[in-house]
Amino acid sequence: MKTPRTIVVGITGGIAAYKAVNIVRAFVLNGDSVHVVATTAALRFVGKPTLEAISRNPVHTDLYEGVAEVRHVAIGQGADLIVVAPATANSIAKLAAGLADDLLGNTILASTAPLVIAPAMHTEMWNNPATVANIAVLRSRGITIVGPGVGRLTGADSGAGRMEEPETIVAVALAVLDRQASGLSRGAEAATSAVQDLAGRRVLISAGGTREPLDPVRFLGNRSSGKQGVALAQAALARGATVTLVAANLEVAVPSSITTVLVSSAMEMHEAMTLAAESAEVIIMAAAVADYRPKMVQLGKIKKEDVGDTLTLELVKNPDILAGLSAARRRGQLIIGFAAETEADADRLLALGRDKITRKGCDYLVVNRVSQHEGFGTERNSVTVLDRHGVIVNEASGSKMSVANCILDLIG
Ligand code: CTP
C-alpha cells in the first residue's frame, strides 16, 4: 500500500473555486491526504461543509484560529505539495510579493514543498502587464503554472484565462509530486528548481497511432492509445517546457495549455513533425507510425460485389519520420525515438533495439515491449533506454507518467 502524501489545496476567491472541489476529490481518491486552505473570498463561492466532506479534513481559513498549534506555519511545514486552484490575479500578485496577510499566504511562505498554481481570471487581467510580470517572477522561482486555458469565461466573453480542467491540474500536480518522490530533487532549493529543469526548453512530441485510409470509411491502424506520448507532454509541461504535441487519433485528452497539432495519417504526421522540428530543441517520437499505406485510396466505399472473395491491397512505404528528422538534425537538437517490439526474450529485445537506433540515427531509443496486454493502451509501461552506442542508460517500470519522467531525465 502506498504511503499517503499530504497535499494542501489552496483555494482563492474566483468563480472557478467550485471546480476545486473536483481537484480535492481526485487527490483523495488517489489515496492522498488533502488539507484545504481557503481564503475568505473563496468561501463565498464554495461552501466549507462541501470542502470538508470531500477532503475528509477540517477546512482552515482564519489566521487567528489554532494559534496554540502554530497553525499558520504547521500546515505548510507538513505539506508534500501545495496546489493553488484557482489562483486569482490578486493571489498571484500576493504570491509574487511574498505577502502573508492570510492563512494561505503564511502556509505557502512556511513551506518548502513544490507549488503548483492554476491561474483563473478574465483575459484582460491575465494579459495585464502586472500579471504578466508576476507570473514571470513565479516561474523564475520554479513554481509550476498550469494553464490558464482558452475558452468560455464566466460572462458572455471567452478567451485566455479559464482555469485549466481539474483533471489536467491533478495530472500535472501528481507528476510534480512523483518527480519529487523519485529523489531527483532533494532539499528545499532543489525541490522547486529541479522540477522546472526544462524551463524554457522547446519540446516536440508525437503521440498516438496513425491511420492509413483505404476508402472514406476504412483505415489501416494500430493499437496505440497515445497515453505514453501525452504523459510525456504533461510531464514536460510540469517541468517547465514549452510543449508541442503532434497527435494522431488519441484516446486520451490533452491539456489545453499544450499546443496540439491534430493529424491522422503518417504522411500528415510527417509534414507536421518536419515543420514543428524547425523550432524544437528536443524531439520525442512516441507515436506508432504505419510503415506502409495503401497505394490507392478509393474515393467511394470498397464494395464486396466489386471485389469478390479475396481483397489484395497494394501498400507503399511511408517516409521514416524519425530517421528523416535525425538525418536533418540541427546542431544541439536532441532526438529520442521509441522501439515497439514484440520480442519476449530480453537479450534479443535489446539486440533489436541496438539495431534500430543504428538505423534511425537518434540520440536515445526507448525500447518498449508491446503485446495485446503490454505497452499499447495500458496504464503502465516498462522500458529500457539505449544511447546511440547501444548502452543501457536508463530502465523504468511503472505508471506512464513515471516512465515519462525517467525519459525526460535524459534531457533535464
Ligand atoms: N517511426 C517513424 N516513421 C515511421 C515508422 C516509425 O518515425 N514510418 C518511428 C516511431 O515513431 C518510433 C521509431 O520510429 O519512434 C520506431 O518505430 P517502430 O514501429 O518500433 O519501428 P519501425 O521503424 O516501424 O521498424 P520495424 O517495423 O522494422 O520494427
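Cut-offs applied
- Residues numbered from 1 in each chain as written.
- Predicted model: local features only at pLDDT ≥ 70, side-chain atom pairs only at ≥ 80, totals over all residues.
- Heavy atoms only, no water.
- Pairing = 2+ DSSP bridges.
- Helix = DSSP H or I, 4+ residues; strand = E, 2+ residues; numbered from the N terminus.
- Contact = heavy atoms within 4.5 Å.
- Axes fitted to C-alpha atoms, helices over the stretch in contact; angles between N-to-C directions.
- Domains from an automatic or database assignment.
- Buried area = accessible area lost by both parts, 1.4 Å probe.
- Salt bridge = Lys/Arg side-chain N within 4 Å of Asp/Glu carboxyl O.
- Polar contact = N/O pair within 3.5 Å; in protein donor to acceptor, adjacent residues only side chain to side chain.
- Parallel < 35°, antiparallel > 145°, perpendicular 65-115°, else oblique.
- Left-handed = near helix turned anticlockwise from the far one by under 90°.
- Nonpolar A, V, L, I, M, F, W, Y, C, P; charged D, E, K, R; others polar.
- Core = buried A, V, L, I, M, F, W, Y, C linked by side-chain atoms within 4.5 Å.
- Buried < 20%, exposed > 50% of the residue type's maximum accessible area, 1.4 Å probe, protein only.
- Expected span 1.5 Å × (residues − 1).

Caption draft 1: Looking closely at the sheet that holds strand S2 (residues 33-38). Taken together, the 5 strands give an open sheet; going across it, the order is S2-S1-S3-S4-S5, and neighbouring strands pair in parallel fashion. Edge positions in the open sheet fall to S2 and strand S5 (144-145), since each of these has one partner strand only. Across the sheet, helix H8 (residues 166-181) touches strand S1 (6-11), strand S3 (81-87), strand S4 (115-119) and S5, and the angle it forms with S3 is around 160 degrees.

Caption draft 2: Seen up close, the domain arrangement of the chain. Domain annotation for the chain reports domain 1 (6-195) and domain 2 (202-408). The C-alpha-based centres of domain 1 and domain 2 are spaced at 34 Å. Listed per partner, the contact involves 13 residues of domain 1 and 10 residues of domain 2. Counting the surface lost from both domain 1 and domain 2, the interface buries some 930 Å², and carbon and sulfur atoms represent 55% of this. Linking domain 1 with domain 2 are 0 salt bridges. Viewed at the interface, domain 2 and domain 1 are joined by 1 residue pair in polar contact (both at pLDDT 80 or more). Of all the elements in the fold, those that place two or more residues in the side of domain 1 that touches domain 2 are strand S6 (149-152) and H8.

Caption draft 3: Spatial organisation of the packing of helix H4 (residues 89-97) against helix H7 (residues 129-140). Put simply, H4 and H7 touch, their axes get as near as 9 Å, and they point 50 degrees apart. Considering their axes alone, H4 and H7 lie oblique with respect to each other. Considering only the axes of H4 and H7, their crossing is left-handed. Within the contact between the two elements, H4 uses Ala 89, Ile 92, Ala 93, Leu 95 and Ala 96 and H7 uses Thr 131, Asn 134, Ile 135, Val 137 and Leu 138. For the contact of H4 with H7, the per-class residue count stands at 8 nonpolar, 2 polar and no charged.

Caption draft 4: The nonpolar core, seen in detail. In this structure, Ile 11, Phe 27, Val 83, Leu 232, Ile 284 and Ile 336 are the most contacted members of the largest nonpolar core, which totals 69 residues. When we break this core down by domain, the ones giving at least three residues each are domain 1 (6-195) and domain 2 (202-408). Residues contacting Ile 336, with those up to four places away along its chain left out, are Ile 283, Ile 284, Met 285, Leu 322, Tyr 364, Val 366, Ile 407, Leu 410 and Ile 411. Ranked by size, the runner-up nonpolar core spans 25 residues in total, among them Val 246, Met 269, Leu 322 and Val 367.

Caption draft 5: Summary view of the sheet that holds strand S8 (residues 202-208). Read from one edge to the other, the open sheet built from 8 strands follows the order S12-S11-S8-S13-S16-S17-S18-S19, with strand pairing classed as mixed. At either margin of the open sheet sits one strand with a lone partner, and together these are strand S12 (259-263) and strand S19 (392-399). Taken over all neighbouring pairs, the strand axes of this sheet differ in orientation by 15 degrees on average, direction set aside. Sheet analysis places S8 next to strand S11 (residues 242-248), joined by 7 bridges and oriented parallel. The residue of S11 that forms the bridge with Ala 207 is Ala 247. In this fold helix H11 (residues 266-277) packs onto S8, S11, S12 and strand S13 (282-285), with an angle of close to 170 degrees to the strand it touches most, S8. Along the sheet face, helix H14 (residues 346-360) touches strand S16 (334-341), strand S17 (364-369), strand S18 (380-387) and S19 and points at about 145 degrees away from the line of S17.

Caption draft 6: Broad picture of the pattern of salt bridges. Counted by the stated rule, this structure contains 17 salt bridges. Lys 360 is the partner of Asp 320 in a salt bridge, and the nearest nitrogen-oxygen pair spans 2.7 Å. Of this pair, Asp 320 sits in the loop between strand S15 (315-317) and helix H13 (321-327) while Lys 360 sits in helix H14; the two residues are 40 residues apart in sequence, bridging distant segments of the chain. Here Lys 360 falls in the buried class, since its relative accessible area comes to 15%. For the salt bridge of Glu 341 with Lys 356, the shortest nitrogen-to-oxygen distance reads 2.6 Å. With Glu 341 in strand S16 and Lys 356 in helix H14, this pair connects stretches of sequence that are 15 residues apart. Each member of the pair, Glu 341 as well as Lys 356, carries the same accessibility label: buried. Where salt bridges share partners, they join Lys 94, Asp 101 and Asp 102 into one cluster.

Caption draft 7: Broad picture of the environment of Gly 229. Along the chain, the position of Gly 229 falls in helix H10 (residues 227-238). Leaving out residues up to four positions away in the same chain, Gly 229 has contacts with Ile 205, Ser 206, Ala 207, Leu 245 and Ala 286.

Caption draft 8: Summary view of H8. Along its 16 residues, H8 runs 22 Å from first to last C-alpha, staying within 8% of the 22 Å computed at 1.5 Å per residue. Summarising burial for H8: 12 of the 16 residues are buried, a large majority. Residues of H8 that are buried include every one of Pro 166, Thr 168, Ile 169, Val 170, Ala 171, Val 172, Ala 173, Leu 174, Ala 175, Val 176, Leu 177 and Arg 179, and no others.

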